[in-house]
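Chain by chain, the residues run as shown.
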Amino acid sequence: MSKKLCEKIWRNGEFINWEDATVHICTHAIHYGSSVFEGIRCYDLGGRSGVFRLKDHVRRLFDSAKIYRMEIRFSQEEVVNACLEAVRVNKFKACYLRPIAYRDFGPMGVNPLKNPVSVDVITWDWGKYLGEEALEKGVEMQISSWQRNATNTTPSIAKCAANYASGALIKMEAISNGFSEGIGLDVSGNLSEGSGENIFMVRDGVVQTPGISHSILSGITRDTVIKLARELNIPMLERTISRAELYTADEVFACGTAAEITPVRAIDHITIGAGARGPVTTRIQKAYLDLVTGKLEDKWGFISRV
Ligand code: PMP
């Protein structure tokens, strides 16, 4: 059995012990992928802790639930407070938070409408998602042979467990081939996203990323990057990006709550730019890490203090 990740887990309004936070094999979500969840980071601000964009993550959780007709029996504010309390109760300074709403045990069969919706908040210590050196040296990725689902299949803007079947195929293929991560194309063969990150490219000083209709999760880090680019006076475009444009970009980086801002030094063994963290990526990465750790003025009120 894997080791314990935290002492207490918030479940449906109360804290329970790690050992008791089990689910029945007949839980709907296990059979049909019917859960929606979030991934959030809490940072050590130097003494105090702060959760980055907590309200935005909880809002996205509720949006995902709405798409799947799941009624969460708590308010967004209650889930926000549960997250803050989970960090406190488990005595973390910095950690990863995973609120998850799932169709629980009820009628068997595909139709989830009569299955109760449970909500848990899990916390754990999660280091650098793509490895310790990734933020500085960058990683090598591959274009996956698996495409992302079309937006009229399982919608990518809902952070639903079912979407991660696609993510796992992309990730396993990349790892088996010796890469850190795989990049999915959309159904038209244009850039979509990584298995757990949004992808940006830089060419001639312009930062570019695909729009929401390219089968991507509307990443909160992606949104932060767009806002920071504006602050730093770096031109920014949301547009359709073809596969080949990635190879000829000056810089490519991946971003996500877990991956933060990770430079991509090669794709399909083709070196991107100078094959190292580029100047624009460096500026954005620094601004991002300064913002989340409280070193840059939080003019948007993104940090919720624990
Ligand atoms: N795309 C996918 C498929 C993801 O799983 C994630 C991580 N949640 C992201 C993008 C990045 O989203 P965020 O910045 O909100 O963490």
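Summarised in this report is the structure supplied together with it.

Rules of the game
- Residues numbered from 1 in each chain as written.
- Predicted model: local features only at pLDDT ≥ 70, side-chain atom pairs only at ≥ 80, totals over all residues.
- Heavy atoms only, no water.
- Core = buried A, V, L, I, M, F, W, Y, C linked by side-chain atoms within 4.5 Å.
- Buried < 20%, exposed > 50% of the residue type's maximum accessible area, 1.4 Å probe, protein only.
- Helix = DSSP H or I, 4+ residues; strand = E, 2+ residues; numbered from the N terminus.
- Contact = heavy atoms within 4.5 Å.
- Expected span 1.5 Å × (residues − 1).
- 1 Å grid on protein atoms, 1.4 Å probe; cavity = no way out; pocket = protein on both sides within 12 Å on 5 of 7 lines; lining within 4 Å.
- Points joined across faces, edges and corners; volume = space filled by probe spheres on them.
- Nonpolar A, V, L, I, M, F, W, Y, C, P; charged D, E, K, R; others polar.
- Domains from an automatic or database assignment.
- Salt bridge = Lys/Arg side-chain N within 4 Å of Asp/Glu carboxyl O.
- Disulfide = S-S within 2.5 Å.

1. Observations concerning the nonpolar core
Counting 39 residues, the largest nonpolar core has Val-36, Val-51, Leu-54, Ile-72, Val-79, Leu-97 and Ala-101 as its most contacted members. Top element by residues in this core is helix α3 (residues 76-89). It accounts for seven residues. What Val-79 contacts, discounting residues up to four positions off in sequence, is Val-58, Leu-61, Phe-62 and Phe-74. Grouped together as the second largest cluster of nonpolar side chains are 22 residues, Val-202, Val-225, Ile-261 and Val-280 included.

2. Things to note about helix α2 (residues 54-67)
It helps to recall that an α-helix has 3.6 residues per turn; residues three or four apart then point in one direction. Its 14 residues place the ends of α2 20 Å apart at the C-alpha level, agreeing with the 20 Å of an ideal helix rising 1.5 Å per residue. Positioned one or two residues after α2, Arg-69 has a phi angle of 55°, which is positive.

3. Let's talk about empty space enclosed by the protein
The final tally for this structure, using the stated rule, is three cavities of 30 Å³ or more. Each pocket or cavity is described by its volume, and for the largest cavity that value is around 50 Å³. Secondary-structure elements contributing two or more residues to the lining of the largest cavity are β4 (40-44) and α6 (220-231). Counted by class, the lining of the largest cavity contains four nonpolar, three polar and one charged residues. Here the lining of the largest cavity spans two domains, since at least three of its residues come from each of domain 1 (8-124) and domain 2 (134-292).

4. What about the pattern of salt bridges?
Within this structure, the stated rule accounts for 17 salt bridges. When the shortest N-O distance is used, the salt bridge between Glu-7 and Lys-4 registers 3.3 Å. By relative accessible area, which is 35% here, Lys-4 ends up partly exposed. Through salt bridges with shared partners, one network takes in Arg-53, Asp-56, Asp-223 and Lys-227.

5. Observations regarding the state of the cysteines
Overall, the coordinates contain zero disulfides when judged by the stated rule. A disulfide-free cysteine, Cys-6 has its sulfur positioned 8.9 Å from the sulfur of Cys-95, the nearest such atom. Looking at Cys-26, it has no disulfide partner, and the nearest cysteine sulfur is the one in Cys-160, 20 Å off. Taking relative accessible area as the criterion, Cys-26 reaches 22% and is therefore assigned partly exposed.

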